[in-house]
Amino acid sequence: MTDDQHSTDGHADLVVAVDVGGTGMAAEVLDQERTTHASATAATPRGDGAAATRAVVALIEKVLSALPASARPAVRGIGLAIPGLVDTVRGVALYSANVGWHNTPVRDRVQAALGLPVVLHHDVTAAGEAEARFGAGRGVSDLLVVVIGTGIAAVVIGGNRVVHGGAGQAGELGHVVVRPDGPLCGCGQRGCLEALASASGIARSYTTATGRAVTGAADVWARLGRDAAADRVWQDATSALADGVLTACTLLAPDLVVFGGGLAEAGQDLLAPVHQQLTERARVASVPSFARTELGRRAGVIGAAANARDHWNSTGASTSTT
Ligand SMILES: [Zn+2]
């Protein structure tokens, strides 16, 4: 955190960016150079939408209170990235099972509580856009950003533009079926990539295979090379990922695939076997380069802030509440 000349002389253009995840939320006050001026985190209340909205407001109040008083007038507004199905035009959280929002006008509620304009965005899209513009995807016009955590989602960027799809649901890579007889996915399909290769899917596969509980995929990763069951589960997951990425590459022909989310912390232990299997299997698709996220856990807040700035710049003001 810095408290530099920009933040105290009142000329800086600051945005409060919030990334709401299924278990935790992070807030930062960012300037145009994406420098952090204050930050705070909080747990996400689960399954109670009203409590979640209150927690977002409280977190923003907390991060604003960490700013020097002289810098507060420079805060232009709030960029808010949330999970689930999001209507960014109306500012409504359509559906988020974990958080408990259902047709909730989150933008208007946060705006009313704080008296600052709010721009709502989808969390994975925000992170993917940030990675493409400011992170590992800089300078690449056709890429995929694949985020692997409790689920798997992708952001598709073609010709320097994010492909949203008609219903805004492009990029659901986690629900591409790669094993038709595979395990049941939370969505109701069988053999989705997410059921096999998400962090939670890997942990579940290991427990199913061994009867041993693990706290997450990091535990399985830590056992590679000295636990044959962990090696097998990891092999199955990377094989499924290679098939899912092959499907995406055959359709979209990206030059680069950037991996983010918690599982990407495994680095080359994840990327190398996926890339090797992709190379072995690809006959039609050209094999893209792989990279790890450069922005890491900050991708969501950086993307939320950039999206809010873009919105205000295109509409000419940050005072509009429409
Ligand atoms: Zn599914």
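Rules and cut-offs
- Residues numbered from 1 in each chain as written.
- Predicted model: local features only at pLDDT ≥ 70, side-chain atom pairs only at ≥ 80, totals over all residues.
- Heavy atoms only, no water.
- Axes fitted to C-alpha atoms, helices over the stretch in contact; angles between N-to-C directions.
- Helix = DSSP H or I, 4+ residues; strand = E, 2+ residues; numbered from the N terminus.
- Parallel < 35°, antiparallel > 145°, perpendicular 65-115°, else oblique.
- Left-handed = near helix turned anticlockwise from the far one by under 90°.
- Contact = heavy atoms within 4.5 Å.
- Nonpolar A, V, L, I, M, F, W, Y, C, P; charged D, E, K, R; others polar.
- Pairing = 2+ DSSP bridges.
- Donors = N, O, S within 2.8 Å, 3.2 Å for Na, K, Ca; no water.
- Tetrahedral: all angles 85-135°; square planar, octahedral: opposite > 155°, others 65-115°.
- Buried < 20%, exposed > 50% of the residue type's maximum accessible area, 1.4 Å probe, protein only.
- Polar contact = N/O pair within 3.5 Å; in protein donor to acceptor, adjacent residues only side chain to side chain.
- Expected span 1.5 Å × (residues − 1).
- Phe/Tyr/Trp six-rings, centres within 6.5 Å; stacked < 30°, edge-to-face > 60°.
- Lys NZ or Arg CZ within 6 Å of the ring centre and 35° of its normal.
- Domains from an automatic or database assignment.

1. Here we look at the packing of helix α8 (residues 228–252) against helix α9 (residues 268–281)
At step 1: The contact between α8 and α9 brings their axes to 8 Å, and the two run at 55 degrees. Looking at the two axes, α8 sits oblique to α9. α9 is crossed by α8, and the crossing has right-handed handedness. Every residue of α9 that contacts α8 at Trp234, Gln235, Thr238, Ser239, Leu241, Ala242, Asp243, Val245 and Leu246 is listed here: Asp269, Leu270, Pro273, Val274, Gln277, Leu278 and Arg281.
At step 2: A class-by-class count of the residues in the contact of α8 with α9 yields nine nonpolar, four polar and three charged.

2. Some details on the sheet that holds strand β4 (residues 75–82)
At step 1: The strand order β3-β2-β1-β4-β8 describes an open sheet built from five strands, whose pairing is mixed. Strand pairing shows two members of the sheet lacking a second neighbour, β3 (36–43) and β8 (118–122), which therefore form its edges. Neighbouring strand axes in the sheet, compared pairwise and without regard to direction, differ in orientation by 15 degrees on average.
At step 2: Pairing of strand β2 (residues 24–30) with β3, which is carried by seven bridges, proceeds in the antiparallel orientation.

3. Remarks on the side chain of Ser96
At step 1: Tracing the sequence through the fold places Ser96 in strand β6 (residues 92–96).
At step 2: Every residue in contact with Ser96, bar those within four places of it in the chain, is listed here: Pro83, Gly84 and Trp101.

4. Considering the coordination of the zinc ion
At step 1: At the metal site, the zinc ion is ligated by His175 (ND1), Cys185 (SG), Cys187 (SG) and Cys192 (SG), and these contacts range over 2.0 to 2.3 Å.
At step 2: Taken together, the four donor atoms coordinating the zinc ion span angles of 106 to 121 degrees at the metal, a pattern that classifies the geometry as tetrahedral.
At step 3: In primary sequence terms, the donor set of the zinc ion follows H-x9-C-x1-C-x4-C. Residue His175 is located in the loop between β11 (161–162) and α5 (193–197), and its partner Cys185 is located in the loop between β11 and α5; the two are separated by 10 residues in the primary sequence.
At step 4: Assessed through its relative accessible area of 24%, His175 is described here as partly exposed.

5. Focus: the environment of Glu28
At step 1: Along the chain, the position of Glu28 falls in strand β2.
At step 2: Distance in space between the C-alpha atoms of Glu28 and Val99 is 20 Å, their sequence separation being 71 residues.
At step 3: In this structure, Glu28 is in contact with Val15, Val16, Ala17, Thr36, Ala38, Ser39, Val63, Arg298 and Val301, ignoring residues within four places of it in sequence.
At step 4: For Glu28, the side chain forms a polar contact with the side chain of Thr36, separated by 2.9 Å.

6. Structural notes on helix α4 (residues 123–134)
At step 1: End to end, α4 covers 16 Å across 12 residues, agreeing with the expected 16 Å (1.5 Å per residue, within 8%).
At step 2: Among the 12 residues in α4, 10 count as buried, and that is most of the element.
At step 3: Among the residues making up α4, those that are buried are Asp123, Val124, Thr125, Ala126, Ala127, Gly128, Glu129, Ala130, Glu131 and Ala132.

7. Focus on the packing of α4 against helix α10 (residues 299–315)
At step 1: It is at 7 Å that the axes of α4 and α10 come closest, and there the two elements cross at 85 degrees. Accordingly, the angle class assigned to the pair α4 and α10 is roughly perpendicular. Residues Ala126, Ala127, Ala130, Glu131, Arg133 and Phe134 of α4 touch α10, and the partners they reach there are Ala299, Gly300, Ile302, Gly303, Ala304, Ala306 and Asp310.

8. Overview of the packing of aromatic side chains
At step 1: In this structure the tally under the stated criterion is one aromatic pair.
At step 2: The ring of Phe134 is capped by Arg34, whose NZ or CZ atom sits 4.0 Å from the centre of that ring.

9. Focus: the pairing of β8
At step 1: The buried fraction of β8 is high, at four of five residues.
At step 2: Here five bridges tie β4 to β8, and the two strands are oriented parallel to one another. The partner of Ala81 across the bridge, within β8, is His121.

10. Here's the deal with the domain arrangement of the chain
At step 1: The domain boundaries assigned to the chain delineate domain 1 (5–126 + 298–315) and domain 2 (137–294).
At step 2: Summarising the inter-unit geometry, the C-alpha centres of domain 1 and domain 2 are found 28 Å apart.

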